[in-house]
Every structure is written in C-alpha cells, then in structure tokens.
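Structural overview
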Amino acid sequence: METLLINIQDVRKLTNLSKNVTTQKYKQYIISAQNIQLRDILGVDCLSDLQAAKCSNTLDQYQAALLDIIKPYLINYSYAKYVYSSPLVSTEEGIVKLSGDNILHLTDQEKKREQYFYESNAESYHKQIIELLESDPVNYPCYHNSGNCGCCNSSSNGKSIFD
C-alpha cells in the first residue's frame, strides 16, 4: 500500500480544494505527484525510506525538516494535476465541465492556466528541497557525491543529486 506524505487536509489548507472532494477521489493525484515529481528529486530508496519512517511514525528531525518542505511541493503538484482534470465529467458526448445546471466544454487554456500556477509554486519548493539536501549531506546520507550507496549505483534507484 502506498504511504502518502500529505493528506487531503494539507491540500485544503493551501488551495481552493472543495470539501466535497473525497480523499478517495483525490488520493490518485497525491500518489502521482509522489511517484513522478518527488521520486525524480529523491530517488526510489530515499523516497521509500521517508515513506517508511512516516508510516511507522519514526521520522527523525532531518526527515521531519525535509518533509516540511516536501509537503507544499506535493500539495502544489497534486493540485495542479487535479485542476487539469477535476471539473471534468465523462458523458456520452465526451468529457464536459459542469457549471450549475449547465454543461460547458472546458477549454485547454482554462485548465492550463490553473495547472501552470500550481506547478510554478511547486517548482519553487523543488529548489528549497535541493538546497536543504545539499546543505547537509551528513544528515541526508542518501544525497552525497561519492556514489557509493545503493541509491546512487542502481539505475532503477535513481542517482544522487550531487552526481
């Protein structure tokens, strides 16, 4: 089972996500942001370690500090993914947007405008994540420049950010 690093309440604090959106509906966007965008930064092993520590409630102070920066990153990326497809309803006529009793077709520009805003926000946190990891390689051992750990040597596990 996938351990989520954020929850729907975190998303609601920073975005306009409706209280009518269920956790089950939104969860897919969090998982996507973790498995695509965050994994590109952290690598497979380090992401797995962070998820395991969060799941077992054993985060150390360094993992907690990293998670503090990761949260707004994931919130913005997951919401950007949600915005792109959220008002869409699949019908016999194709995918449409509901507005009250009216059905309106969504323009690409409408979707992309909101998506871009939240992706831009997420990218600013991306830089902060990298800065934190680079500033303290001793306490973030998976992020080093020697290339001598499992997270750096295996192509399936990604590379150190210092390579």
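Refer to the structure presented above.
First, a word on what this report is: a plain description of the structure on this page. The written sequence of each chain sets the order in which its residues are numbered from 1. For a predicted model such as this one, the threshold for reporting local features is a pLDDT of at least 70, and the threshold for listing and counting side-chain atom pairs is 80 or more; totals across whole chains, interfaces and linings nevertheless cover every residue. As a rule here, side-chain values cover all heavy atoms of the structure and leave hydrogens and water aside.

Turning our attention to the overall build of the chain. Only runs of H or I of at least four residues qualify as helices and only runs of E of at least two qualify as strands under DSSP, and these elements are numbered from the N terminus. A count of helices and strands for the chain gives six helices and three strands. Secondary structure elements of the chain, listed N to C terminal, follow the sequence α-α-α-α-β-β-β-α-α. Any two residues whose heavy atoms approach within 4.5 Å at even a single point are treated as in contact. Of the contacts formed within the chain by residues at least 6 apart in sequence, a portion of 64% connects residues at least 24 apart. The Shrake-Rupley method, run with a 1.4 Å probe, gives the accessible areas here. Residue values count only the displayed protein chains as cover. Element-wise, carbon and sulfur atoms account for 48% of the exposed surface of the chain, whose accessible area totals about 9500 Å².

With that settled, consider the environment of Thr 15. Within the element layout of this structure, Thr 15 appears in the loop between α1 (8-14) and α2 (23-42). With a relative accessible area of 9%, Thr 15 lands in the buried category. Once the C-alpha coordinates of Thr 15 and Tyr 118 are considered, the two residues, 103 residues apart in sequence, prove to be 9.1 Å apart. In this structure Thr 15 touches Ile 75, Tyr 79 and Tyr 118, once residues within four positions along its chain are discounted. In protein, a polar contact means a hydrogen-donor-capable atom and an acceptor-capable atom, both N or O and within 3.5 Å, with residues adjacent in sequence counting only if both atoms are side-chain atoms; elsewhere, any N or O pair within 3.5 Å suffices. In this structure the side chain of Thr 15 is engaged in a polar contact, spanning 2.7 Å, whose partner is the backbone oxygen of Val 11. Here the term buried applies to any residue with accessible area under 20% of the maximum for its type, exposed to any over 50%, and partly exposed to those in between, with areas from a 1.4 Å probe on protein chains only.

Under the convention used throughout, the expected extent of a helix is 1.5 Å for every residue step, that is, one less than its residue count. Helix length check: α2 (20 residues) gives 25 Å between terminal C-alpha atoms against 28 Å at 1.5 Å per residue, more than 12% under. To obtain the bend at a residue, axes are fitted to the seven residues ending there and to the seven starting there, and the angle between these axes is taken. Considering bend angle alone, the principal kink of α2 is centred on Gln 34 and spans about 30 degrees. Residues of α2 that are buried: Tyr 26, Tyr 29, Ile 30, Ala 33, Gln 34, Gln 37, Leu 38, Ile 41 and Leu 42. Next to the buried residues of α2 lie α1, α3 (44-55), α4 (61-85) and α5 (108-135). After α2 finishes, the residue Gly 43 shows a positive phi value of roughly 90 degrees.

Quick look at the environment of Ile 129 now. Locating Ile 129 in the fold gives a position in helix α5. Residue Ile 129 is classed as buried on the basis of its relative accessible area, which comes to 0%. Each C-alpha atom of the pair Ile 129 and Leu 67 lies 9.1 Å from the other, and the pair is 62 residues apart in sequence. Among residues more than four places away in sequence, those in contact with Ile 129 are Ile 41, Leu 42, Leu 66, Ile 69, Ile 70 and Tyr 73.

Moving on to the nonpolar core. We define a nonpolar core as any set of buried Ala, Val, Leu, Ile, Met, Phe, Trp, Tyr and Cys residues linked to one another through side-chain atoms lying within 4.5 Å. Core analysis: the biggest nonpolar cluster contains 36 residues, and Tyr 26, Leu 42, Leu 66, Ile 70 and Ile 129 have the highest contact counts within it. Breaking this core down by element, the ones donating at least two residues are α1, α2, α3, α4 and α5. In terms of residue count, the dominant contributor to this core is α4 (12 residues).

Moving on to the packing of α3 against α4. For every element, the axis is a line fit to its C-alpha atoms; helices are fit only across the contacting stretch, and the angle between N-to-C directions ranges from 0 to 180 degrees. Remark: α3 packs on α4, axes separated minimally by 11 Å, with the N-to-C direction vectors making an angle of 105 degrees. Classed by the angle they form, the pair α3 and α4 counts as roughly perpendicular. Together, Asp 49, Leu 50, Ala 53 and Lys 54 of α3 and Gln 63, Leu 66, Leu 67 and Ile 70 of α4 make up the contact between the two elements. Looking at the contact of α3 with α4, its residues break down into five nonpolar, one polar and two charged. What sets the label is the angle itself: under 35 degrees gives roughly parallel, over 145 gives roughly antiparallel, 65 to 115 gives roughly perpendicular, and the rest give oblique. Amino acids outside the nonpolar list (Ala, Val, Leu, Ile, Met, Phe, Trp, Tyr, Cys, Pro) and the charged list (Asp, Glu, Lys, Arg) are all regarded as polar, and Gly is one of them.

Once that is clear, we can look at the side chain of Lys 81. Tracing the backbone through its elements, the reader meets Lys 81 in helix α4. The charge count includes Lys and Arg as positive and Asp and Glu as negative, but it does not include His or the ends of the chains. We count a salt bridge whenever a side-chain nitrogen from Lys or Arg sits within 4 Å of a carboxyl oxygen from Asp or Glu. Buried and unpaired, Lys 81 has no salt bridge, with Glu 119 as the nearest side chain of opposite charge at 6.6 Å. Within the structure, Lys 81 has its side chain in polar contact with the side chain of Gln 37 (distance 3.4 Å). Sequence-distant contacts of Lys 81, defined by excluding residues within four places in its chain, comprise Tyr 29, Ser 32, Ala 33, Ile 36 and Gln 37.

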